[in-house]
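Overview (structure and organization)
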Amino acid sequence: MGTFGKDLWRGIVSLVMPQSYCLLCGEPFGPMDFSLEGRQICHACLEQIPFVVPPMCQKCGRPLRGNDEGTRLNSDPEKPGLRGNDQGAEGDRGKKPRPRAALLCSECRRHGRIFQKARAVAVYDGIVKERIHDLKYRGALHVGEALGLLMARCLEGDLRLLASDMIVPVPLSPERMKTRGYNQSEILARSLGKVVGIGVVTDAMARGDGVMSQSLLKGNQRRRNLGDVFEVVSPSHVAGRSVLLVDDVLTTGTTANECSMALLKAGARSVSVVVAAVGILQSDWYGKNFVH
Ligand SMILES: [Zn+2]
Ligand SMILES: [Zn+2]
């Protein structure tokens, strides 16, 4: 479409619908930009999002190095139950296929994962990191709505996850809920649930009191601290059901694992995870600089 055609089109659109704004940057939204369920994210924002692309960890969805050497580093034929996944790296296209162990990040190789799998929209970096910060600490709820839409797009074609019986957001502790006034994971979950048509259950699980802020804790300390914090308060809600757990960011994967354990103990049939962003591990990343 030429400039004239585009202008004409914009003119017609502005006549039939009110001016709308990008959910991520607040700029006016053009008719050619991304739109889902009547909500919009502008092209300029979409271009800056460091979307997760293969190769990625088959368990937690963390992006990994894209060449053969990295693939070998992340495969472990000794680990039971992880063989036989023939997911190839991007660089292998057109080459003769050969059997390969599952691609796993170093965190998933080190720690068992209780959830079936996790998928992430983007790398926790750049515009995504900034906007998630706005969502959590500046009340930018529209960001949660935008990222929820992108989560729905991320799950497109993943029939197993889309067949989940319910969406459960990772809960906040009562103290945090009091000071923040909302749970960012619930905002994400509601936006996602609306698009994919899966009900959001917020009263099934609770997070224990007296937990130190996770950002103040590192490594083992973080793991120990999270030991038995999550609790399913109404097991009847989750018993026998497949749960899609929603969180804003997956770093070590400990939170997702602990929630999954609580849900499975309460009788959930299975737990999968979807997050807005995933942290990458320096030890797993040798490719091009991903920082935007
Ligand atoms: Zn924008
Ligand atoms: Zn992983």
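Before going into details, it helps to say that this report is about the structure given with it. Predicted, not measured: the structure shown is a model, and the values here were computed from it.

Here's the deal with the overall build of the protein chain
A count of helices and strands for the protein chain gives twelve helices and eight strands. Counting the 292 residues in the protein chain, one finds 49% classified as buried. By sequence separation, contacts in the protein chain at least 24 residues apart represent 75% of the contacts at least 6 residues apart. If you sum the accessible surface of the protein chain, you get close to 14,900 Å²; carbon and sulfur atoms cover 52% of it.

Thoughts on the coordination of the zinc ion (ligand 1)
With distances of 2.3 Å, the protein atoms coordinating the zinc ion (ligand 1) are Cys22 (SG), Cys25 (SG), Cys42 (SG) and Cys45 (SG). Coordination at the zinc ion (ligand 1) is tetrahedral: its four donor atoms span angles of 105 to 115 degrees at the metal. If you list the donors of the zinc ion (ligand 1) from N- to C-terminus, the spacing comes out as C-x2-C-x16-C-x2-C. Taken as a pair, Cys25 in the loop between helix H1 (3–16) and strand E1 (34–36) and Cys42 in the loop between strand E2 (39–41) and helix H2 (43–48) lie far apart in primary sequence, 17 residues in all. Judged by its relative accessible area of 34%, Cys25 falls in the partly exposed class.

A few points about the coordination of the zinc ion (ligand 2)
All of the protein donors around the zinc ion (ligand 2) are Cys57 (SG), Cys60 (SG), Cys105 (SG) and Cys108 (SG); their distances to the metal are 2.3 to 2.4 Å. For the zinc ion (ligand 2), the four donor atoms in the first shell make angles of 105 to 120 degrees at the metal, a pattern classed as tetrahedral. Expressed as a motif, the donor residue spacing for the zinc ion (ligand 2) is C-x2-C-x44-C-x2-C. Assigned by exposure class, Cys57 and Cys60 land together as buried.

Focus on the nonpolar core
In terms of nonpolar packing, the biggest core is built from 39 residues, with Met205, Val238, Leu245 and Leu263 touching the most fellow members. Mapped by element, the contributors of at least two residues to this core are strand E3 (118–123), strand E4 (166–169), strand E6 (230–232), strand E7 (242–250), helix H12 (254–265) and strand E8 (270–278). When near neighbours in sequence (up to four residues on either side) are disregarded, Leu245 contacts Val168, Val170, Met205, Ala256, Cys259, Ser260, Leu263, Val271, Ser272, Val273 and Val274. Counting residues in each nonpolar core, the second largest holds 36 residues, with Leu23, Phe29, Cys45 and Val274 among its members.

Considering the pairing of E4
Judged by which residues are buried, E4 turns out to be covered on both faces: Met166 and Val168 on one side and Ile167 and Pro169 on the other are all buried. Relative to E7, E4 runs parallel, the two sharing four bridges. Bridge pairing links Ile167 to Leu244 in E7.

About the cut-offs
- Residues numbered from 1 in each chain as written.
- Chains lettered and ligands numbered in written order.
- Predicted model: local features only at pLDDT ≥ 70, side-chain atom pairs only at ≥ 80, totals over all residues.
- Heavy atoms only, no water.
- Helix = DSSP H or I, 4+ residues; strand = E, 2+ residues; numbered from the N terminus.
- Buried < 20%, exposed > 50% of the residue type's maximum accessible area, 1.4 Å probe, protein only.
- Contact = heavy atoms within 4.5 Å.
- Areas by Shrake-Rupley, 256 points an atom, 1.4 Å probe, with all protein chains shown as cover.
- Donors = N, O, S within 2.8 Å, 3.2 Å for Na, K, Ca; no water.
- Tetrahedral: all angles 85-135°; square planar, octahedral: opposite > 155°, others 65-115°.
- Core = buried A, V, L, I, M, F, W, Y, C linked by side-chain atoms within 4.5 Å.
- Pairing = 2+ DSSP bridges.

Remember, this is a structural readout, not a statement about activity or role.
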